[in-house]
Every structure is written in C-alpha cells, then in structure tokens.
Amino acid sequence: HFQAACTMSTPQHRIRTLVQTLNRYAHEYYTLDAPSVPDAEYDRLYRELETLEAEYPQFRLPESPTQRVGGAVLDGFETVVHAVPMLSLNNAFSPRDDETGAFGHAEFLAFDERVCKELGVAQVEYAAEPKFDGLAVSLLYQNGILVQAATRGDGTTGENVTENIKTVRNIPLKLHGEKQPALLEVRGEVLMLKADFAALNQRQLEAGQKPFANPRNAAAGSLRQLDSKITAQRKLHFFAYGIAQLSGVERLPESHMEELALLHELGFSLPEGYFGTHTGAAAVLREYERLAEHRPRLPYEIDGMVVKVNSLAEQQQLGFVSRAPRWAIAHKFPAEEALTTVEAIDVQV
Ligand code: NAD
C-alpha cells in the first residue's frame, strides 16, 4: 500500500496527469471553441507542468503542450503549411501585491534583464501594443491582392479560411497605395468587438441557441464556419501586428514600428493610441499601467500587453526558443481580472 501511495504522487505521475488534463483543455479551447475552465486555471496548470519538466526533463512527454503551439486542424478546411511558423509568446504573469494591490512585474523585469545582457546594452528600445484576445491569422498578398488566409493551427499547419476572411470588412482585399509589394504576409488578430459580441449572444439566446463563452470563442467559432455566409453575419474585426514575409519594396522596414507604419499605409487597422515605442523597462511598465487602466473602456478585449524588441536586427540576434521568440513577451494582466470577466459573462448568460 505504501508503495502505491508513493507512486501516485511522483513527479512523473503528476507530469502525466497534467499533460492529459492540459491537452483536453487545449482541445476544448482551440479545436472545439468551447473551453470548460477559465484561462487562469489553464495557465496555472501549464506553469506547474513547465516547472516540473524543467526539474525532471527525463519525464518530459513528446505530447506535452509545452512542446507545441495551439491546436489541431479541423476536418473540412484545407490545410495550409506556413512558410514561416506561427509561434506563441512567452508569458510574464504578474499577480498583484497582496497588501498594496500594486501590479507585479518580476517576470517582465527578468525578461528585460536577459534581453539587455544578451544584446550587451544598458537599455533596450521596446515596442508595446495590446495583447488582443482573439485568434491569430496569416494573410498572404501577391502583387497587392489577398490570395490566402490561414489560422495558426498547430503553428506549422493551419486551416485555409480565405473565403471567411474575405467577409471581414476591415481587411483590404487589395492593398492601398500606388506601389504594391510583390509578396506580403501579414500577421494579426481576428477578434469580435465587445458590443458585437453582446449583440450576437442576444441573438443566440433569442434563437434558443447556446451563447458564446467570450468574444474570443465567438470570433474563433465565427471564423471557422464552413459556410462563409454565417461568418459574414458575425461582425469580425482585424488588427495587424506584424509582417512575416515581404519582398518587392524599395526599402525594407528596420523595426517593428516601421513594419506597423507600412501596414497602416497599405490599409490595415492598428490599435489607435495604444502602440508605440518605450525605452527601458520603467517606461514600458508605465505604459502597462496606462493600458491596464484603459482596458475596461477599450472596445475590444485584451489580456495583457505584448512587448517586443523594436529593432529587427536585435530581434534576429536574440532568435527563438522552441515555441516562442526570445525578443517578445506577453506581460499578462493579473488573473483575478481574468476571473472577473468569466463571472461577468455568467451573469449575462
Ligand atoms: P498566447 O495567447 O498566450 O500568445 C500568443 C498569441 O498572442 C499569438 O498567437 C497571437 O494570436 C496573440 N497576440 C495578440 N496580440 C498580439 C500582438 N500584439 N503581437 C503578437 N501576438 C499577439 O498563446 P497561445 O499559445 O495562443 O495560448 C495560450 C493561452 O490560451 C493561455 O494563456 C490560456 O490562457 C489560453 N488557453 C486556455 C485554455 C482553456 O481551457 N481555458 C486552453 C488552452 C489555452
């Protein structure tokens, strides 16, 4: 009996249980668009798994969610192999100080320290922007024309959602301006505005159908309709946040902000008033606090602030780890606020 009790609590056993649980949650979240637990709970278990795997790498399982990005591809869509993989982001979690209620920044500061050390500089210029709570898509333009749109899928292979993406009104079908790049691959987030989400759930209830858990699931469910007429009725919105491929332009962007400026010229929406550069960690953290304060008033949901090293040369120098760039981090808002969102939705339902 003693033997059995010990086996139950071994790190190896705990790792196996965590992998199984997290994979089930990820399937519900990414593939079925129907999560059964709040994100904060998923994140907590994911963290526990990461810590155990770091301590006991010999027990790491090949099917562990730490080894890959996102979810599987649905049946019914054609698959698209991404020319440049669509990665995830490392997260900096920041529980509030129990006594003062102040934001915690330790994980972001550790990120900044690593970046400074690696680049051999005292301060880094960062670009900061909202972490949109939607789903990542890739848009491919050839000679200015939208020819393909794909979801992230597992990061290597996504779903071909071109017909559905064409119904998103603020995505240009043809790039603006005189000079069109020969090839452009835009990365960004498809989301549903809070007001459109509330209206959609109202309609779902009136029609006797199940409401969506949150705007993110509503956006994912709407984009992954096999009938694009349904997608067209759901008002989706797109924000661009990066360029994966670009050729046939006079001058290539040298920073993240130059990429965003080019995307704006070509007709893409950016989060007006909430993207910019900040030099040094203290300036980044001031922007984080400002964004957190504005969060309830924004027309779209965000769950943190993405901080990226602005210079593309420096990004290249920093490179990637398996599933995320080493030059970017998602500085998440504290979990209690994530839980509040879930409660608010329960009331609405
Ligand atoms: P992530 O959401 O933490 O970060 C990566 C994604 O951020 C990118 O793919 C992109 O879509 C998005 N993003 C938003 N704004 C961006 C910007 N400005 N620049 C770059 N990227 C931006 O990582 P993930 O792997 O997509 O998902 C993990 C998260 O999903 C977890 O933190 C968890 O909360 C949630 N999740 C929840 C459940 C559940 O059961 N509740 C299950 C699985 C995952």
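Residues numbered from 1 in each chain as written. Predicted model: local features only at pLDDT ≥ 70, side-chain atom pairs only at ≥ 80, totals over all residues. Heavy atoms only, no water.

**Considerations on the overall build of the chain**
Now for step 1: Helix and strand counts for the chain come out as 12 helices and 13 strands.
Now for step 2: Here the C-alpha radius of gyration of the chain, 21 Å, is about what a compact globule of 349 residues would show, namely 20 Å.
Now for step 3: Viewed in the frame of its principal axes, the chain has a C-alpha envelope of about 75 × 60 × 40 Å.
Now for step 4: Every one of the 349 residues in the chain was classed for burial, and the buried ones make up 48%.
Now for step 5: Taking the intrachain contacts of the chain between residues at least 6 apart in sequence as the baseline, contacts between residues at least 24 apart amount to 74%.
Now for step 6: As presented, the chain carries roughly 17300 Å² of accessible surface, and 53% of it is formed by carbon and sulfur atoms.
Now for step 7: Between the mean site of the 34 positive side-chain charges and the mean site of the 47 negative ones, the chain shows a separation of 3 Å. (Helix = DSSP H or I, 4+ residues; strand = E, 2+ residues; numbered from the N terminus. Rg over C-alpha atoms; globule rule 2.2 N^0.38 Å. Buried < 20%, exposed > 50% of the residue type's maximum accessible area, 1.4 Å probe, protein only. Contact = heavy atoms within 4.5 Å. Areas by Shrake-Rupley, 256 points an atom, 1.4 Å probe, with all protein chains shown as cover. Lys, Arg positive; Asp, Glu negative; His and termini not counted. Charge placed at Lys NZ, Arg CZ, Asp CG, Glu CD.)

**Some words on the site of the ligand**
Now for step 1: In the region of the ligand, 26 residues are neighbours, and Tyr-30, Val-37, Asp-43, Arg-152 and Glu-189 sit closest.
Now for step 2: Between the ligand and Asp-39, the relevant distance is 3.0 Å, taken from a nitrogen atom to a side-chain nitrogen or oxygen of the residue.
Now for step 3: Take Lys-308: an N or O atom from its side chain is 2.9 Å from a nitrogen atom of the ligand.
Now for step 4: For the shell around the ligand, the elements supplying multiple residues, two or more each, are helix 2 (11-31), helix 3 (39-55), strand 3 (125-132) and strand 10 (302-309). (Near = heavy atom within 4 Å. Polar contact = N/O pair within 3.5 Å; in protein donor to acceptor, adjacent residues only side chain to side chain.)

**Regarding the pattern of salt bridges**
Now for step 1: Under the criterion given, the structure shown has 18 salt bridges.
Now for step 2: Across the pair Arg-224 and Glu-159 runs a salt bridge whose closest N-O atoms are separated by 3.0 Å. Within this pair, whereas Arg-224 is found in the loop between helix 7 (215-223) and helix 8 (228-233), its partner Glu-159 is found in strand 6 (residues 157-159), the two being separated by 65 residues in sequence.
Now for step 3: Taken together, the shared-partner salt bridges in this structure form one network comprising Asp-43, Lys-131, Asp-303 and Lys-332. (Salt bridge = Lys/Arg side-chain N within 4 Å of Asp/Glu carboxyl O.)

**Structural notes on the nonpolar core**
Now for step 1: Ranked by internal contacts, the top residues of the largest apolar core, which has 34 residues, are Leu-139, Tyr-141, Ile-165, Leu-184, Val-186, Phe-238 and Phe-268.
Now for step 2: Among the secondary structure elements, those contributing two or more residues to this core are strand 4 (135-142), strand 5 (145-151), strand 7 (183-191), helix 6 (194-206), helix 7, strand 8 (237-247) and helix 9 (256-265).
Now for step 3: Excluding residues that lie within four positions of it along the chain, Ile-165 makes contacts with Val-137, Leu-139, Leu-146, Ala-149, Ile-171, Val-190 and Leu-223.
Now for step 4: Phe-103, Leu-119, Leu-191 and Phe-239 belong to the second largest nonpolar core, which has 31 residues in total. (Core = buried A, V, L, I, M, F, W, Y, C linked by side-chain atoms within 4.5 Å.)

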